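# Commentary on secondary and tertiary structure
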Amino acid sequence: MSKIAIKKDIFWVGAKDPDRKVFDGLMPLPQGTTYNSYLVQGSEKTALIDTVEPEFLEVLLANLEGVKKIDYIVSHHAEQDHSGSIPLLLKKYPEAKLLCLQKNKEMLQDLMTIPDDRIQVVADGGEVSLGNKTICFMFCPWVHWPETAITYIPEDKVLFPCDFLGSHHSFTNIFAGDNPAVYKGAKEYYVQIMMLYSKMTAKHLDRIKALDIEYICPSHGSVYDKPQIILDLYEKWMRGEPENLALIAYVSTHGSTKLMAEHLKAALEKRGVKVALKDLIGLPLNELAGVLTDAATIVLGSSVIMAALHPLAVYTAFLLDRLKPKAKFAAVIGSYGWSPNPLKNAAELLPSWKVEVVGAVIAKGHPGAEAMKELDALADTIAAKHRAAGLL
Ligand code: FEO
């Protein structure tokens, strides 16, 4: 890998990590990821924008071959996948100053050893000149840590939003173009790390949209050479209404809950509601995430095991609570052997999603005609709710 030109004197110099399987011990990375670092060579000064996971430092240094002097290392975000190489780079480039916001300085110094005299704090709205290029700093907290900054070079119309707008993959072509796989991955990434904070951070999207942008250079995944595509998608994901879609996420030990889930799917589709049916056994989180910006209804299905809801259903309810999907309505379905109470109490897991719980269908053992009738009635209710919400 060597550096890739984005605009005159602006280069991608990061590292691809196609073999990484998981991020934060939680998010599956089916196509790996990248740690994007950018070299910006002004007429007077040179800046390196973000760094890489420390184990990829040698890749970054190889991409910087021939660069004699780095005047500034810009840190947007203290998380180690971007900042972890900073201490070693400051040793390698002894004249370099680390540029960051005050909040980021504090978090960086909590996480690693960086002496005060190597850091130059920049204010929100502050500008640092490289000669014919200017790095403009914007404080954009909670995308996705409280210290995060975004930078913009107005002379080149290039935005560096760090994790915001990013995606996890390591495709050969660093430019996104119209590639649907990039935007599918960006959506899953958004749900897994950004959606939780979207109410607080949509205003940052407005600040970005007010800029004249030719390239968006995030810290993971593709460089957006058609920036309007990802900006429009973020507008939809952050502020748009959910769709006429019900997610049925279920776990079934002996097939009864599965039968109920499949019956409900057919009943909803008959009533004009689209359905995403997801068996939670072995389901990667990113595949669940892909529908959480869209589904207006979430139906959690579980069997009862160890006198409790199935652990996968509990785990999913916890994740939904943390991820804060857009769903307006929720319901519970499931089958039990001899202890119905875990399913009867399952709705207690739902209100913290801030949804209206519209029903529960609980069957003893194999679901009979009565349970199927109740599922049909639940489908009627969900379709009516979607209609009343203007979605159907
Ligand atoms: Fe890619 Fe929040 O670090």
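Now for the overall build of the protein chain. A count of helices and strands for the protein chain gives twelve helices and 22 strands. By its C-alpha atoms, the protein chain is 80 × 40 × 35 Å across when sized along the principal axes. Taking all 392 residues of the protein chain together, the buried fraction comes to 58%. In the protein chain, the proportion of contacts linking residues at least 24 apart, taken out of those at least 6 apart, comes to 70%. Total accessible area on the protein chain stands at roughly 15,900 Å², and carbon and sulfur atoms take up 54% of it. Distance between charge centroids for the protein chain: 4 Å, based on 42 positive and 46 negative side chains.

Inspection of the entire model under this criterion finds nine aromatic pairs. Ring centres of tyrosine 183 and tyrosine 224 lie 6.1 Å apart, and the angle between their planes is 35 degrees; this geometry places the pair in the tilted category. You can see tyrosine 183 sitting in helix α5 (residues 180-194) and its partner tyrosine 224 sitting in the loop between β16 (215-218) and α7 (227-239), a full 41 residues away along the chain. By relative accessible area, which is 9% here, tyrosine 183 ends up buried. On the basis of relative accessible area, tyrosine 224 is assigned to the buried category, the value being 0%. Here the aromatic residues Phe164, Tyr190, Tyr234 and Trp237 are joined through ring pairs into a cluster of three or more. Seen from the ring of phenylalanine 11, lysine 3 lies directly overhead, with NZ or CZ sitting 4.3 Å from the centre.

The next thing to look at is the nonpolar core. By size, the foremost hydrophobic cluster in this structure holds 62 residues, and its most contacted members are Leu159, Phe164, Leu165, Tyr224, Ile230, Tyr234 and Leu247. Broken down by element, this core gets its largest block of residues, eight residues, from α5. Lining this core are residues from two domains, each supplying at least three of them: domain 1 (4-239) and domain 2 (243-385). Once residues lying within four places of it in the same chain are set aside, the contact partners of tyrosine 224 are Leu165, Gly166, Ser167, Ala176, Val182, Tyr183, Ala186, Glu214, Tyr215, Ile216, Pro218 and Ile230. Ranked by size, the runner-up nonpolar core spans 29 residues in total, among them Ala15, Phe56, Ile86 and Leu98.

All right, on to the packing of helix α6 (residues 198-209) against α7 then. Orientation of α6 relative to α7, taken along the N-to-C sense of each, is 155 degrees, at an axis distance of 10 Å. Taken together, α6 and α7 sit at an angle that is classed as roughly antiparallel. The handedness of the crossing between α6 and α7 comes out as left-handed. Packed against α6, whose contacting residues are Ser198, Thr201, Ala202, Lys203, Leu205, Asp206, Ile208 and Lys209, the element α7 presents Leu231, Tyr234, Glu235, Met238 and Arg239 at the interface. Across the contact of α6 with α7, the residue classes break down as six nonpolar, two polar and five charged.

Rules used throughout
Residues numbered from 1 in each chain as written. Predicted model: local features only at pLDDT ≥ 70, side-chain atom pairs only at ≥ 80, totals over all residues. Heavy atoms only, no water. Helix = DSSP H or I, 4+ residues; strand = E, 2+ residues; numbered from the N terminus. Buried < 20%, exposed > 50% of the residue type's maximum accessible area, 1.4 Å probe, protein only. Contact = heavy atoms within 4.5 Å. Areas by Shrake-Rupley, 256 points an atom, 1.4 Å probe, with all protein chains shown as cover. Lys, Arg positive; Asp, Glu negative; His and termini not counted. Charge placed at Lys NZ, Arg CZ, Asp CG, Glu CD. Phe/Tyr/Trp six-rings, centres within 6.5 Å; stacked < 30°, edge-to-face > 60°. Lys NZ or Arg CZ within 6 Å of the ring centre and 35° of its normal. Core = buried A, V, L, I, M, F, W, Y, C linked by side-chain atoms within 4.5 Å. Domains from an automatic or database assignment. Axes fitted to C-alpha atoms, helices over the stretch in contact; angles between N-to-C directions. Parallel < 35°, antiparallel > 145°, perpendicular 65-115°, else oblique. Left-handed = near helix turned anticlockwise from the far one by under 90°. Nonpolar A, V, L, I, M, F, W, Y, C, P; charged D, E, K, R; others polar.

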